[in-house]
Structures are given as C-alpha cells and as structure tokens.
Amino acid sequence: MIKREQAEQIALDSLRANGYACHSTHAVRFDEVGRLNVWGVGIDALMNSWVAYAVDREPVLAIRSSTVVIIAGDDGRVIYVGSAHDEG
C-alpha cells in the first residue's frame, strides 16, 4: 500500500508530464471523496485508490472542474488523469 505522500508525488509528476502547470497536489482516499464522476474508470479500480487534486500555481477566477489524478493504492500506478467533472 502506498502512502498519501507517495501518491501526492506520483500525481504531481504525472500532471507535470502531461503538461499541467500545478504547484502541488492534495491526495485523499477514494472513500473520503464526496462525489467523483470520472469516465471510463470502474468502481473496483477506485475502491483502493488515492484521488489527488491538482493545486494551481495561481488562483483561478472561473468556475471549472477540478483536475485529478487517480492512483492505485496497491502499486502506485496512475489510473486516470483529467477532469473530475465537478464544476459548479
């Protein structure tokens, strides 16, 4: 099982590799997330995962969805990078 700090670093590396300009990430266990609507990721993959939210370098003055990275809790593999579809 990977730890929160490891998940945050994996997420940050993945975001930067995919061209996102973020300052840091904040990871929570999937069961701590109130609602997550990512497409193409099955519930079984999510149950033992970390969800890392990107923290922007500068404040964003618009309503938009969060950028998340979903990391497998057992081996640290990146399952998803993109929108959380939680705008509003």
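Look up a bit, the structure's there.
Here the structure is a predicted model, which is why all the values come from computation and not from measurement.

A word on the pairing of strand E4 (residues 78-83). Two elements, strand E3 (residues 67-72) and E4, share five bridges in a ladder whose sense is antiparallel. Bridge pairing in E4 links Thr 67 to Ser 83. Connecting the antiparallel pair E3 and E4 is a turn made up of five residues, with Gly 76 showing a positive phi of about 80°.

Bringing the packing of aromatic side chains into the picture now. Evaluation of the coordinates by the stated rule reveals zero aromatic pairs. Over the ring of Trp 50 we find Arg 29; its NZ or CZ atom is 4.7 Å from the centre of that ring.

Moving on: helix H1 (residues 4-17). In a regular helix each residue adds 1.5 Å, so 14 residues correspond to 20 Å; H1 covers 20 Å between its end C-alpha atoms and thus fits that length. Every buried residue belonging to H1 is among Ala 7, Glu 8, Ala 11, Leu 12, Ser 14 and Leu 15, and all of these are buried. Buried residues of H1 fall within an arc of 165° about the axis and therefore sit on the same side. In H1, the exposed residues that point more than 90 degrees away from the buried face are Glu 5 and Ala 17.

Basis of the calculations
- Residues numbered from 1 in each chain as written.
- Predicted model: local features only at pLDDT ≥ 70, side-chain atom pairs only at ≥ 80, totals over all residues.
- Heavy atoms only, no water.
- Pairing = 2+ DSSP bridges.
- Helix = DSSP H or I, 4+ residues; strand = E, 2+ residues; numbered from the N terminus.
- Phe/Tyr/Trp six-rings, centres within 6.5 Å; stacked < 30°, edge-to-face > 60°.
- Lys NZ or Arg CZ within 6 Å of the ring centre and 35° of its normal.
- Expected span 1.5 Å × (residues − 1).
- Buried < 20%, exposed > 50% of the residue type's maximum accessible area, 1.4 Å probe, protein only.
- Arc of directions from axis to C-beta.

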